[in-house]
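Okay, here's what each chain looks like letter by letter:
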Amino acid sequence: MIAKAFMTDLMQGLQRTLKYFFSKPVTVQYPKEKLTPFPRFRGFIRLVVNEDGSHKCIACGQCARVCPAGCITVKGEGKGKERHPVVFDINFGRCIYCAYCVEICPVDALETTGFYEGAEYDLDWLDFDINKLLEDYKKWERTFKK
Ligand code: SF4
Ligand code: SF4
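Residues numbered from 1 in each chain as written. Chains lettered and ligands numbered in written order. Predicted model: local features only at pLDDT ≥ 70, side-chain atom pairs only at ≥ 80, totals over all residues. Heavy atoms only, no water.

Two side chains bearing opposite charge may form a pair once their charged atoms approach each other closely. As enumerated under the stated definition, the model contains four salt bridges in all. Of the charged contacts in the structure, one is a salt bridge between arginine 46 and glutamate 111, with a shortest N-O distance of 3.1 Å. With arginine 46 in strand 1 (residues 45-47) and glutamate 111 in strand 4 (residues 110-112), this pair connects stretches of sequence that are 65 residues apart. You can call glutamate 111 partly exposed: its relative accessible area is 31%. Close ionic contact of glutamate 135 with lysine 139 constitutes a salt bridge, the shortest N to O distance being 2.3 Å. (Salt bridge = Lys/Arg side-chain N within 4 Å of Asp/Glu carboxyl O. Helix = DSSP H or I, 4+ residues; strand = E, 2+ residues; numbered from the N terminus. Buried < 20%, exposed > 50% of the residue type's maximum accessible area, 1.4 Å probe, protein only.)

Structure below.
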């Protein structure tokens with residue numbers, strides 16, 4: 001009886017192993033191979049500008065207040081429609097990629113990107129200022145020889 005149960009379990013295990021042995025892998029050999037992140041993937045956050053290049057951000061500070069990691073610093077100047085950020089920092093060394101800041105922004109001045117290669121020894125590099133937050137993050141994607 002025990003032997004029969006053991007053999008049944010063993011055969012089921014082998015069946016499953018064989019099934020996955022011959023099926024296409026779902027993993028990739030990172031860093032030599034990379035997957036394109038899903039559209040809803042939450043990578044590094046970016047600042048968004050208007051078509052004329054002006055800041056969308058109105059320096060209301062809501063993103064800084066909602067950030068659970070306390071890694072956003074915003075300082076603005078001007079009043080009403082003239083208000084704009086003069087300091088806008090995100091420390092990605094502390095960011096937890098929750099995207100609360102993106103969700104709460106009343107003017108859609110922040111967006112998530114597919115950039116995720118932030119494993120860094122230099123923590124200063126992860127402290128993004130207002131200019132770095134406007135860069136095309138693709139240029140920092142790492143390339144490795146196959
Ligand atoms: S993604 Fe989350 S942790 Fe990162 S800056 Fe935005 S609110 Fe803060
Ligand atoms: S990014 Fe949005 S929420 Fe943050 S300060 Fe600017 S306008 Fe306010």
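Counting residues in each nonpolar core, the largest one holds 29 residues, and the members touching the most others are Phe88 and Phe92. Only strand 1, strand 2 (72-77), strand 3 (84-91) and helix 3 (100-104) provide two or more residues apiece to this core. (Core = buried A, V, L, I, M, F, W, Y, C linked by side-chain atoms within 4.5 Å.)

What follows concerns the site of ligand 2. Not every one of the 13 residues close to ligand 2 is listed here, only the nearest: Cys57, Cys60, Gly61, Cys63 and Cys105. For the shell around ligand 2, the class distribution of residues is 11 nonpolar, two polar and no charged. (Near = heavy atom within 4 Å. Nonpolar A, V, L, I, M, F, W, Y, C, P; charged D, E, K, R; others polar.)

Once that is clear, we can look at the site of ligand 1. The environment of ligand 1 is made up of 13 residues, and the closest members are Cys67, Cys95, Cys98, Ala99 and Cys101. When its residues are assigned to classes, the shell around ligand 1 shows 13 nonpolar, no polar and no charged.

One key point about sheets: their strands pair by backbone hydrogen bonds, in either a parallel or an antiparallel sense. Taken together, the three strands give an open sheet; going across it, the order is 2-3-5, and neighbouring strands pair in antiparallel fashion. Two strands in the sheet have a free side with no partner beyond their single neighbour: strand 2 and strand 5 (127-128). (Pairing = 2+ DSSP bridges.)

When we look at a pair of aromatic rings, we describe it by the centre distance and by the angle of the planes. Under the definition given, this model contains 17 aromatic pairs. Relative to phenylalanine 115, the ring of phenylalanine 44 has its centre 4.9 Å away and its plane inclined at 70°; by these criteria the two rings are edge-to-face. Linking phenylalanine 44 in the loop between helix 1 (2-21) and strand 1 with phenylalanine 115 in the loop between strand 4 and strand 5, this pair joins segments that are 71 residues apart in sequence. Exposure class is identical for phenylalanine 44 and phenylalanine 115. Each is buried. Centre to centre, the rings of tyrosine 137 and tryptophan 140 are 5.6 Å apart; their planes meet at 35°, and the pair counts as tilted. Three or more aromatic residues joined by ring pairs make a cluster, and in this case those are Phe44, Phe92, Tyr97, Phe115, Trp125, Phe128, Tyr137 and Trp140. Directly above the aromatic system of tryptophan 140 lies the positively charged group of lysine 132, at a separation of 5.6 Å from the ring centroid. (Phe/Tyr/Trp six-rings, centres within 6.5 Å; stacked < 30°, edge-to-face > 60°. Lys NZ or Arg CZ within 6 Å of the ring centre and 35° of its normal.)

Checked against the element boundaries, threonine 113 lands in the loop between strand 4 and strand 5. Taking relative accessible area as the criterion, threonine 113 reaches 12% and is therefore assigned buried. Here phenylalanine 44 takes part through its backbone oxygen, which lies 2.7 Å from a polar atom of the side chain of threonine 113. Beyond its immediate sequence surroundings of up to four residues, threonine 113 is in contact with Phe41, Arg42, Gly43, Phe44, Arg46 and Tyr137. (Polar contact = N/O pair within 3.5 Å; in protein donor to acceptor, adjacent residues only side chain to side chain. Contact = heavy atoms within 4.5 Å.)

Let's shift gears to unusual backbone geometry. Of note, the bond from tyrosine 30 into proline 31 is cis; its omega dihedral lies within 30 degrees of zero at 10°. In this structure, proline 31 sits in the loop between helix 1 and strand 1. Even without a glycine there, the phi angle at alanine 59 is positive, about 50°. For alanine 59, the position within the fold is in the loop between strand 1 and helix 2 (62-66). Of note, the phi angle at alanine 99 is positive, near 65°, even though the residue is not glycine. Of note, alanine 99 is situated in the loop between strand 3 and helix 3. Judged by its relative accessible area of 6%, alanine 99 falls in the buried class.

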